[in-house]
Amino acid sequence: MTILKQVAHKFENKPYDIWFGWDDKYIYCSELVWKIYNRALKLKIGQLQTIKDFNLSSPAVKQKLKERYGNNIPYQQPLIRTGDLK
């Protein structure tokens, strides 16, 4: 089994992360890919960003942030978008 498969196996059956957290309890799609390559090969495939790096000014975005995080928005939380995986 390749090292990529070994690392990927550790994430099997993890629930999908709608909060885009960075811990391993839940996982979202681009986070999964980033972490597999990083942990298996020490590659950083794409630039991690934080929530505060995004345009959060639209009312729809503000509402979604409020729904997910209440008044405790984790602005410094790292995340990776699918389009940023390179």
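The following paragraphs examine the structure supplied in this document. Remember, predicted model here, so these are calculated numbers, not experimental data.

Counting its regular elements, the protein contains three helices and two strands. Along the protein, helices (α) and strands (β) appear in the sequence α-α-β-α-β when read from the amino end. Taking all 86 residues of the protein together, 30% fall into the buried category. Counting contacts in the protein only where the partners sit at least 6 residues apart, residues at least 24 apart contribute 58% of the total. On the protein, roughly 6,000 Å² of surface is accessible, and the fraction owed to carbon and sulfur atoms is 56%. The averaged location of the 8 negative side-chain charges in the protein is 3 Å from the averaged location of its 15 positive side-chain charges.

What follows concerns the side chain of Lys 35. Summarising the element assignment, Lys 35 is placed in helix α2 (residues 29-41). Residues in contact with Lys 35, not counting those within four places in the same chain, are Val 7, Phe 11, Trp 22, Asp 23, Asp 24, Ile 27 and Ala 40.

Moving on to the packing of aromatic side chains. All chains considered together, the criterion is met by three aromatic pairs. With centroids separated by 5.9 Å and ring planes inclined at 65 degrees, the aromatic side chains of Trp 19 and Tyr 26 adopt a geometry described as edge-to-face. Here Tyr 26 falls in the partly exposed class, since its relative accessible area comes to 28%. If you follow Lys 35 out to its NZ or CZ, it ends over the ring of Trp 22, 4.7 Å from the centre.

So, on to the nonpolar core. Tyr 28, Trp 34, Ile 45, Ile 51, Leu 56, Leu 65, Tyr 69, Ile 73, Leu 79 and Ile 80 form the largest nonpolar core, which has ten residues in total. When near neighbours in sequence (up to four residues on either side) are disregarded, Ile 73 contacts Ile 51 and Leu 65.

Below, the discussion takes up a nonpolar patch on the surface. Nonpolar side chains collect at one region of the surface, where Ile 3, Val 33, Tyr 37, Leu 41 and Leu 43 lie side by side and expose about 370 Å² of accessible area between them. In terms of residue count, the dominant contributor to the nonpolar patch is α2 (three residues).

In this structure, the largest pocket encloses a volume near 330 Å³. Every residue lining the largest pocket is counted, 18 residues in all, and those nearest its centre are Phe 20, Ile 51, Leu 65, Arg 68 and Leu 79. Those elements giving two or more residues to the lining of the largest pocket turn out to be α2 and α3 (59-69). A class-by-class count of the residues in the lining of the largest pocket yields twelve nonpolar, three polar and three charged.

Following the sequence through the fold, Ser 30 ends up in helix α2. Sequence separation between Ser 30 and Gly 83 is 53 residues, and the spatial gap between their C-alpha atoms is 8.6 Å. Residues contacting Ser 30, with those up to four places away along its chain left out, are Ile 80, Arg 81, Thr 82 and Leu 85. Within the structure, the side chain of Ser 30 is placed 2.6 Å from the backbone oxygen of Ile 80, a separation counted as a polar contact.

Quick notes on the rules
- Residues numbered from 1 in each chain as written.
- Predicted model: local features only at pLDDT ≥ 70, side-chain atom pairs only at ≥ 80, totals over all residues.
- Heavy atoms only, no water.
- Helix = DSSP H or I, 4+ residues; strand = E, 2+ residues; numbered from the N terminus.
- Buried < 20%, exposed > 50% of the residue type's maximum accessible area, 1.4 Å probe, protein only.
- Contact = heavy atoms within 4.5 Å.
- Areas by Shrake-Rupley, 256 points an atom, 1.4 Å probe, with all protein chains shown as cover.
- Lys, Arg positive; Asp, Glu negative; His and termini not counted.
- Charge placed at Lys NZ, Arg CZ, Asp CG, Glu CD.
- Phe/Tyr/Trp six-rings, centres within 6.5 Å; stacked < 30°, edge-to-face > 60°.
- Lys NZ or Arg CZ within 6 Å of the ring centre and 35° of its normal.
- Core = buried A, V, L, I, M, F, W, Y, C linked by side-chain atoms within 4.5 Å.
- Patch = residues over 30% accessible without salt bridge, like charges linked within 9 Å, V, L, I, M, F, W, Y side chains within 5 Å.
- Salt bridge = Lys/Arg side-chain N within 4 Å of Asp/Glu carboxyl O.
- 1 Å grid on protein atoms, 1.4 Å probe; cavity = no way out; pocket = protein on both sides within 12 Å on 5 of 7 lines; lining within 4 Å.
- Points joined across faces, edges and corners; volume = space filled by probe spheres on them.
- Nonpolar A, V, L, I, M, F, W, Y, C, P; charged D, E, K, R; others polar.
- Polar contact = N/O pair within 3.5 Å; in protein donor to acceptor, adjacent residues only side chain to side chain.

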